[in-house]
Amino acid sequence: MISEVTGIRRIRMLYLQLLYRCNFECLHCFHGKRLQHADAFTADEAISLLTLMCDQYGTEAVTLLGGEPFVYRDLSQVVQYAKRDLGLRVEICTNGYRIERRLTEIGPDLDLLRVSLEGIGSTNDQIRKFGSYRSALSALEIAQRLGVRTGATMTVTSRNIEEVLPLARVLQGYGVEQLKLHCLRPVGNAADHPELLITDPAAYTRLRDRLDAADLEIEVIVDEDLSEAGAPDACLPAGGPVEIERIEADPRGALTMSCKAVGKDSHAFWYDKLTDHIDHRPSPTDELTLAVPDVVYGRV
């Protein structure tokens, strides 16, 4: 159905939100009240969607998210099927909180563990959860011992923008290969914490200048939105493209093609779990927009 409506024939990666439930209530979380919702993929539903994406769109990688994917009961089953049966590149994005036992279990089938951090020490813990900073670093240590490659994410806010470079250097010491910087979007919990928003867009320019001048071993990937002008809209042009980088499925089955739409009830496609089909369900707020390419600093 996506091909017929958009002309897109290939989707390289599926971002699969397995569930809303989480053991954190981060101040900036885009899910907001949905963290309390019971919506989730069963293992069979997740496997069916992964198979459909591989067969119909040539998908070659999956990133498993939540909520918190490590509280998902059938995580091992989904990871093993994605890797062993479908041959996908498997990445998990996690808060890294007390995941040691399950990480050891799935480590052989995991290509990348990506841990979310919002700064160093108390800066991170005040946004995420007390004790989460040390727990995340412990998860990175265990992943390193298991031979699992690691990355990290950070949502840039008024509270942590000055800690981007210090955090990048800490992460280097734990063998982390890549740090992704995301723009804070005023949806979900972030809508209730406007103090986290950066009101001076020039702060993004200063951050980019510091990254450009820094001698970093770690690769830093920056949302195009983290600029004074913001990211331009990348609306789907008529007749193309035939290939996109990613699509994201939330626990209800709603599909979005742009990170700007994540956390909103704006979607043009829906994965029907009962029929194992992707349907086109347009609404007045639907936008067929694509994510704008990110900017990369540091190691090439």
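Given the structure is predicted, the values throughout are model-derived calculations rather than measurements.

(A) Here's a closer look at the overall build of the protein chain. The helix and strand inventory of the protein chain stands at eight helices and 12 strands. Long-range pairs, those at least 24 residues apart, make up 72% of the contacts in the protein chain with a sequence separation of at least 6. Accessible surface computed for the protein chain: about 13200 Å², of which carbon and sulfur atoms make up 50%.

(B) Geometry of the pairing of strand 10 (residues 269–272). A two-sided burial pattern is seen for strand 10, the buried positions comprising Phe 269 and Tyr 271 on one face and Trp 270 and Asp 272 on the other. Inspection of the sheet shows strand 10 paired to strand 11 (residues 277–280) by four bridges, in the antiparallel sense. Its bridge partner lying in strand 11, Phe 269 is registered against His 280. Where strand 10 hands over to strand 11, the hairpin turn is made up of four residues, of which Asp 276 adopts a positive phi near 60 degrees.

(C) Examining the environment of Leu 197 more closely. By the element assignment, Leu 197 lies in the loop between strand 6 (178–183) and helix 8 (202–213). Overall, Leu 197 belongs to the partly exposed group, its relative accessible area being 28%. In contact with Leu 197, not counting residues within four places along its chain, are Ser 158, Leu 184 and Pro 186.

(D) Here's a closer look at the pattern of salt bridges. For the structure on display, the rule yields 18 salt bridges. The shortest N-O distance in the salt bridge between Glu 118 and Arg 128 comes to 2.8 Å. Note that Glu 118 is positioned in the loop between strand 4 (112–116) and helix 5 (122–127) and Arg 128 in the loop between helix 5 and helix 6 (132–146), a separation of 10 residues in sequence. For the pair Glu 118 and Arg 128, a shared accessibility class is recorded, and that class is buried. Each of Arg 10, Arg 12, Glu 60, Glu 243 and Glu 245 takes part in a single network of salt bridges with overlapping partners.

Thresholds applied
Residues numbered from 1 in each chain as written. Predicted model: local features only at pLDDT ≥ 70, side-chain atom pairs only at ≥ 80, totals over all residues. Heavy atoms only, no water. Helix = DSSP H or I, 4+ residues; strand = E, 2+ residues; numbered from the N terminus. Contact = heavy atoms within 4.5 Å. Areas by Shrake-Rupley, 256 points an atom, 1.4 Å probe, with all protein chains shown as cover. Buried < 20%, exposed > 50% of the residue type's maximum accessible area, 1.4 Å probe, protein only. Pairing = 2+ DSSP bridges. Salt bridge = Lys/Arg side-chain N within 4 Å of Asp/Glu carboxyl O.

Honestly, that's just the spatial picture; any functional story needs more than this.
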